[in-house]
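Read off the chains here:
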Amino acid sequence: MLKFKKTNYIAVQGKEPQVPEGLWIKCEACGEMLYKEDVKANRYICYKCGKYFRLTTKKRLQMVADKGSYEKWDEGLENENPLDYPDYLEKIESLKERCKIDEAVTCGKCTIHGEEAVVCVCDGRFLMGSMGYVVGEKITRAVERATKERLPVIIFTCSGGARMQEGMVSLMQMAKTSAALKRHSEAGLLYISVLTDPTTGGVTASFAMLGDIILAEPGALVGFAGPRVIEQTIRQKLPEGFQRAEFLVEHGLIDGIVEREDLKDTLAKLIVMHRPVDKKEALIPNRCKEVENEEKKEKVSAWDRVLRARSADRPVAMDYIQEIFKEFTEFHGDRHCGDDGAVVGGIAYLDGCPVTVIGQQKGKNTKENLIRNFGMMSPEGYRKALRLMKQAEKFQRPIICFVDTPGAFCGMEAEERGQGEAIARNLFEMSDLTVPILSIVIGEGGSGGALALAVGNEVWMMENATYTILSPEGFASILWKDASKAPKAAEVMRVTAKDLKELGIIEKIIYEPEPANPENVEYIAGKMQEEIRRFLHKYLGMGKEELANQRYERFRNM
């Protein structure tokens, strides 16, 4: 699981701490003198303040690649001097000798805990890791070879951007590397970008931000225009922590931050999760039996179902995710604006079958509900969900959605950022995704905010869940001008699982022996897990076009 540990990192703009030779090292962040061997044992992290020192190519590979497994590719490519820049080629040769590397990037193949991958490492010592022709060519060749050999690509970025000494030739490398990665992506292959300090300019605006999964080291500076450029160009004062990795997570631009001690394990896990498997065979057929459920004979009013669906102790999406699936790895952000706490999403396993899991998440107390916005998603949340769904389609993973929201967030800022378009885009794109989609309403299914995660091949409801065009209070207020008539509205609206199954809106009811609560969530999740196995065993046998057509006809016949 990606770990988001709180670090004591202190950002100091303009400081570029390196690991010098000698017995002691000064941390430019906290100013402490550090014993070099202790820093080395701590993975080149200041043990006083948590500041990450930059790594050389050799040290990076030692931390990530299995010992003796790294095979360098395309060494010895000749640099040109298209601008006839004074002493440029001499400087290149000097850096090769001093840094003991071929250029600002080293590319090759290795194993990571036994998993094969193409790994490229940028090195900030070599002209600030800038991207000239040779850097662009080496990365492009590595990606092309990875595509041919059907291998994942991992690039550790560290760069000041395009190399000014090569002018427009350098700028063209942005397009070249991006085009190679597009072909790699179209082949259905995994690309992980790991952002280290600093990653700026043309590298940020090309291969650094194109990963299927984008990770960063704590405190890494990442941006198109660096802080110094912004401050000197437009005289804009930047807030503390601006453009740091933590800032990027908060603004939805990357999937997560991973500390060095966890990085190798995380990369190996992600490679395995994206390795081709026979997903249908992973689900053991004799486990896919139908679950016998008996509806209780008790008489429960529609309004009582509404109250049960809203109950504060009703299990939320993460409760079911943790009970039903294994090794859930959460990803963050819509890659545009923010990371919406009202939705969680990532990859998990069911019987060895990798699945994409997305859930509308409510809090369990006031503090959590403020973070989760009471399960009311903003445009960023719907765009994050869709990003993960499109990623699932690329890697042919089935999608399981847990629906639980009173409705989409209706604040002014949501409208400003395009709430309606975000919901519409989900309906549009989900309609023809070529992987199985199952949506389960576990609590409240409020209006279009719920439907945006419920364009499934099948939609199920828990017995005490509700699925509504709007709240009963809203219905009563609009049609009868009296919100107190909400209980009557709930009956008229036919909001219960039984009603909606009779109407053909849903396919299945997950019965609750008693209203879902923390004591019985394990039992209910076990029954739900068996039903999900049955669903996957059925739909994973369908072709891509058949899946999309079945979903189309399901809604076409409504």
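Only a predicted model underlies this, so the values are computations on that prediction, with no experimental measurement involved.

Conventions used here
Residues numbered from 1 in each chain as written. Predicted model: local features only at pLDDT ≥ 70, side-chain atom pairs only at ≥ 80, totals over all residues. Heavy atoms only, no water. Helix = DSSP H or I, 4+ residues; strand = E, 2+ residues; numbered from the N terminus. Rg over C-alpha atoms; globule rule 2.2 N^0.38 Å. Buried < 20%, exposed > 50% of the residue type's maximum accessible area, 1.4 Å probe, protein only. Contact = heavy atoms within 4.5 Å. Areas by Shrake-Rupley, 256 points an atom, 1.4 Å probe, with all protein chains shown as cover. Pairing = 2+ DSSP bridges. Axes fitted to C-alpha atoms, helices over the stretch in contact; angles between N-to-C directions. Parallel < 35°, antiparallel > 145°, perpendicular 65-115°, else oblique. Left-handed = near helix turned anticlockwise from the far one by under 90°. Nonpolar A, V, L, I, M, F, W, Y, C, P; charged D, E, K, R; others polar. Expected span 1.5 Å × (residues − 1). Polar contact = N/O pair within 3.5 Å; in protein donor to acceptor, adjacent residues only side chain to side chain. Core = buried A, V, L, I, M, F, W, Y, C linked by side-chain atoms within 4.5 Å. Salt bridge = Lys/Arg side-chain N within 4 Å of Asp/Glu carboxyl O.

A. Fine view of the overall build of the protein chain. Along the backbone of the protein chain there are 22 helices and 18 strands. Taken over the C-alpha trace, the protein chain has a radius of gyration of 26 Å; the compact-globule value for 558 residues is 24 Å, and the two agree within 12%. Reported as C-alpha extents along the three principal axes, the dimensions of the protein chain are approximately 85 × 50 × 45 Å. Classification of the 558 residues of the protein chain by burial places 57% in the buried group. In the protein chain, once contacts between residues fewer than 6 apart in sequence are set aside, the share between residues at least 24 apart is 73%. Total accessible area on the protein chain stands at roughly 24,500 Å², and carbon and sulfur atoms take up 52% of it.

B. Representation of unusual backbone geometry. The amide bond that connects Asp197 to the next residue, Pro198, takes the cis arrangement and shows omega of -10 degrees. Of note, Pro198 is situated in strand E7 (residues 191–200). In this structure, Arg150 takes a positive phi of about 55 degrees despite not being glycine. Here Arg150 lies in the loop between helix H4 (133–149) and strand E6 (153–159).

C. Main features of the pairing of strand E5 (residues 115–122). E5 sits mainly inside the fold: seven of its eight residues count as buried. Across eight bridges, the pairing between strand E4 (residues 105–112) and E5 is antiparallel. Across the sheet, Cys107 pairs through a bridge with Cys120, a residue of E5. Between E4 and E5, which follow one another and run antiparallel, lie two residues, and His113 among them has a positive phi close to 50 degrees. Relative to E6, E5 runs parallel, the two being bridged by four bridges.

D. Inspection of the environment of Ala525 at higher detail. Mapped onto the secondary structure, Ala525 falls in helix H21 (residues 521–539). Taking the C-alpha atoms as reference, Ala525 lies 9.3 Å from Gln322; in sequence the two are 203 residues apart. With residues near it in sequence (within four places) discarded, Ala525 still touches Tyr320, Glu323 and Ile324.

E. Expanded view of the packing of helix H12 (residues 317–324) against H21. Following both chains from N to C, one finds H12 and H21 inclined at 65 degrees, their axes separated by 9 Å at the closest point. In terms of orientation, H12 lies roughly perpendicular with respect to H21. For the pair H12 and H21, the sense of crossing is right-handed. The segment H12 lies against H21, with Asp319, Tyr320, Glu323 and Ile324 engaging Val521, Glu522, Ile524, Ala525, Met528, Gln529 and Ile532. Of the residues assigned to the contact of H12 with H21, the class counts are seven nonpolar, one polar and three charged.

F. Representation of helix H9 (residues 260–273) in the model. Helix length check: H9 (14 residues) gives 20 Å between terminal C-alpha atoms against 20 Å at 1.5 Å per residue, within 8%. Burial analysis of H9 places 11 of its 14 residues in the buried class, the great majority of the element.

G. Layout of the side chain of Ser193. When you line up the elements, Ser193 lands in strand E7. Judged by its relative accessible area of 0%, Ser193 is buried. Within the structure, Ser193 has its side chain in polar contact with the backbone oxygen of Ala208 (distance 2.6 Å).

H. The nonpolar core, seen in detail. In terms of nonpolar packing, the biggest core is built from 93 residues, with Val119, Ile154, Tyr320, Phe325, Phe402, Met528 and Ile532 touching the most fellow members. Excluding anything up to four places from it in sequence, Val119 contacts Leu61, Tyr70, Thr106, Cys107, Gly108, Cys110, Ile112, Ile154 and Phe156. Core analysis: the next-biggest nonpolar cluster, separate from the first, contains 41 residues, Met131, Ile155, Ala216 and Ile254 among them.

I. Representation of the pairing of strand E14 (residues 399–405). Most of E14 sits out of view: seven of its seven residues are buried. Going residue by residue along E14, you find Ile399, Cys401, Val403 and Thr405 tucked away on one face and Ile400, Phe402 and Asp404 tucked away on the opposite face as well. Bridging between strand E13 (residues 353–360) and E14 involves four bridges; their strand directions are parallel. Counted as the bridge partner of Thr356 is Ile399 from E14. Note: E14 against strand E15 (residues 437–446), six bridges, orientation parallel. Within the sheet, the bridge partner assigned to Cys401 lies in E15 and is Ser439.

J. Up close: the environment of Ala476. Relative to the helices and strands, Ala476 is located in helix H18 (residues 472–480). Assessed through its relative accessible area of 0%, Ala476 is described here as buried. Note: C-alpha distance between Ala476 and Pro487 (11 residues apart in sequence) is 8.9 Å. Apart from the residues within four sequence positions on either side, Ala476 is in contact with Lys481, Asp482, Ala483, Lys485, Ala486 and Ala489.

K. The pattern of salt bridges, seen in detail. Inspection of every chain in the model, using the stated rule, returns 46 salt bridges. Between Asp197 and Arg54 there is a salt bridge; the shortest N-O distance is 3.4 Å. On the criterion of sequence distance, the pair formed by Asp197 in strand E7 and Arg54 in the loop between helix H1 (36–41) and helix H2 (57–64) is long-range, its members being 143 residues apart. The pair formed by Asp197 and Arg54 is uniform in burial state, with each residue classed as buried. Across the pair Lys394 and Asp212 runs a salt bridge whose closest N-O atoms are separated by 2.8 Å. Of the two residues, Lys394 sits in helix H14 (residues 379–394) while Asp212 sits in the loop between helix H6 (201–204) and strand E8 (213–216), which places them 182 residues apart along the sequence. For Asp212, a relative accessible area of 13% translates into the label buried. Within this structure, Glu71, Lys109, Glu116, Arg145 and Glu149 form a network of salt bridges that share partners.

L. Focus on H4. Here H4 contains 17 residues, and its C-alpha end-to-end distance of 24 Å stays within 8% of the 24 Å for a straight helix at 1.5 Å per residue. Among the residues making up H4, those that are buried are Val134, Val135, Gly136, Glu137, Lys138, Ile139, Thr140, Ala142, Val143 and Ala146. Packed against the buried residues of H4 are strand E3 (71–73), E4, E5, E6 and helix H5 (167–186). Of the residues trailing H4, Arg150 is marked for its positive phi of about 55 degrees.

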